[in-house]
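# Examining the three-dimensional arrangement
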Amino acid sequence: AFSASALVLENCNGGKNQKWSLDGNSRLVAANGKCADGAHLKACGNSNAQKWKHDSSRRLMSQAKKCLQPEGNPPKKGARVVAANCNKSARQVWK
């Protein structure tokens, strides 16, 4: 989910702030038209921090070699989602 310019962990509810898509430029685009840029929402551009792929381990990995994961272990509702070094943590697995 997103709140203002931050990415946060929320229970799935089908809300507009939980709608995302990968566009033709591999950018992760929120329903408000802004792109995930590391752990923030920004105007869409062409930086590697805005280009993502869902890899074979089901991680969201940027071309800047960072993976999205919620803070905390275990993460809790409302936790910030951050761009961290990619690893084998279950916190980096997205469906």
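Preceding block: the structure.
Below or above, wherever it landed, is the structure these notes cover.

Looking now at the overall build of the chain. When helices and strands are tallied, the chain shows zero helices and 10 strands. Mapped in sequence order, the helices and strands of the chain form the string β-β-β-β-β-β-β-β-β-β. A globule of 95 residues ought to have a C-alpha radius of gyration of about 12 Å, and the chain, at 12 Å, matches this closely. For the C-alpha atoms alone, the extent of the chain along its principal axes is close to 35 × 30 × 20 Å. Restricting the contact set of the chain to residue pairs at least 6 apart, pairs at least 24 apart contribute 36%. With 17 positive and 5 negative side-chain charges, the chain shows a spacing of 3 Å between the two charge centroids.

What follows covers the pattern of salt bridges. In this structure the tally under the stated criterion is three salt bridges. Residues Arg27 and Asp23 are paired through a salt bridge, measuring 2.8 Å at the closest nitrogen-oxygen approach. Arg27 sits in the buried class, given a relative accessible area of 14%. Look at Asp23 and you get partly exposed, because its relative accessible area is 24%. For the salt bridge of Asp55 with Arg59, the shortest nitrogen-to-oxygen distance reads 2.8 Å. A single burial state applies to Asp55 and to Arg59, both of which are buried.

Once that is clear, we can look at the state of the cysteines. Enumeration over the complete set of coordinates arrives at two disulfides. Two residues, Cys35 and Cys44, share a disulfide whose sulfurs are 1.9 Å apart. Handedness of the Cys35-Cys44 disulfide follows from its S-S torsion of about 90°: it is right-handed. What makes Cys35 buried here is its relative accessible area of 0%. A disulfide bridge connects Cys67 with Cys86, and the sulfur atoms are separated by 2.0 Å. Handedness here is read from the sign of the S-S torsion; for Cys67 and Cys86, about 100°, the answer is right-handed. On the criterion of sequence distance, the pair formed by Cys67 in strand β9 (residues 66-70) and Cys86 in the segment after β10 (81-85) is long-range, its members being 19 residues apart. Look at Cys67 and you get buried, because its relative accessible area is 0%.

Okay, the pairing of β9 next. Most of β9 is tucked away: four of the five residues are buried. Both β9 and β10 contribute to a ladder of five bridges, which runs antiparallel. Bridging from a neighbouring strand, Lys66 pairs with Asn85 of β10.

Each value, and the rule that gives it
Residues numbered from 1 in each chain as written. Predicted model: local features only at pLDDT ≥ 70, side-chain atom pairs only at ≥ 80, totals over all residues. Heavy atoms only, no water. Helix = DSSP H or I, 4+ residues; strand = E, 2+ residues; numbered from the N terminus. Rg over C-alpha atoms; globule rule 2.2 N^0.38 Å. Contact = heavy atoms within 4.5 Å. Lys, Arg positive; Asp, Glu negative; His and termini not counted. Charge placed at Lys NZ, Arg CZ, Asp CG, Glu CD. Salt bridge = Lys/Arg side-chain N within 4 Å of Asp/Glu carboxyl O. Buried < 20%, exposed > 50% of the residue type's maximum accessible area, 1.4 Å probe, protein only. Disulfide = S-S within 2.5 Å. Pairing = 2+ DSSP bridges.

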